[in-house]
Amino acid sequence: GSCNHQMMINNIKDCEYVISYGMGRRIYDDLTANNIKAVVTEEKNVKDALKKFMENTLKNRIDKLH
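For the structure given in this document, a descriptive report is provided here.

Rules of the game
- Residues numbered from 1 in each chain as written.
- Predicted model: local features only at pLDDT ≥ 70, side-chain atom pairs only at ≥ 80, totals over all residues.
- Heavy atoms only, no water.
- Polar contact = N/O pair within 3.5 Å; in protein donor to acceptor, adjacent residues only side chain to side chain.
- Helix = DSSP H or I, 4+ residues; strand = E, 2+ residues; numbered from the N terminus.
- Patch = residues over 30% accessible without salt bridge, like charges linked within 9 Å, V, L, I, M, F, W, Y side chains within 5 Å.
- Areas by Shrake-Rupley, 256 points an atom, 1.4 Å probe, with all protein chains shown as cover.
- Salt bridge = Lys/Arg side-chain N within 4 Å of Asp/Glu carboxyl O.
- Buried < 20%, exposed > 50% of the residue type's maximum accessible area, 1.4 Å probe, protein only.
- Contact = heavy atoms within 4.5 Å.

Things to note about helix 3 (residues 46-54)
Capping of helix 3 at its N-terminal end is provided by Asn45; its side-chain oxygen lies 2.8 Å from the backbone amide nitrogen of Lys47. Positive backbone phi, approximately 60°, marks Asn56, located one or two places after helix 3.

Observations regarding a nonpolar patch on the surface
A contiguous nonpolar patch, built from Tyr17, Ile19, Val46 and Leu50 and spanning about 340 Å² of accessible area, is present on the exposed surface. Secondary-structure elements contributing two or more residues to the nonpolar patch are strand 1 (17-20) and helix 3. Of note, Leu50 is situated in helix 3.

Comments concerning the environment of Tyr17
Among the structural elements, Tyr17 can be located in strand 1. Under the relative-accessibility criterion, Tyr17 is labelled partly exposed at 35%. Along the backbone, Tyr17 and Leu31 are 14 residues apart, and their C-alpha atoms lie at a distance of 9.0 Å. Non-local contacts of Tyr17, meaning those with residues more than four positions away in its chain, are made with Ile36, Lys37, Val39 and Phe53.

Some remarks on unusual backbone geometry
Backbone geometry at Asn35 places phi at a positive 60°, although glycine is not the residue there. With respect to the element layout, Asn35 can be found in the loop between helix 2 (25-33) and strand 2 (37-40). A residue is classified by how much of its surface remains accessible, and Asn35, at 66% relative accessible area, is exposed. Even without being a glycine, Asn56 presents a positive backbone phi close to 60°. Among the structural elements, Asn56 can be located in the segment after helix 3.

Dropping the structure here:
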């Protein structure tokens, strides 16, 4: 609740996507409001997540937002 989302977003403003195993609804909304596509995945392994992302088969599990 005390994270400075805008500071975090400023550090990655040149990114098009953020892929994460989990995130809160507020940062998800803040990322998308700043034209950064947020992807919440159930993949725990970075290589597996990136492989699926590149194959366009990575599921965006926004139901996992907390």
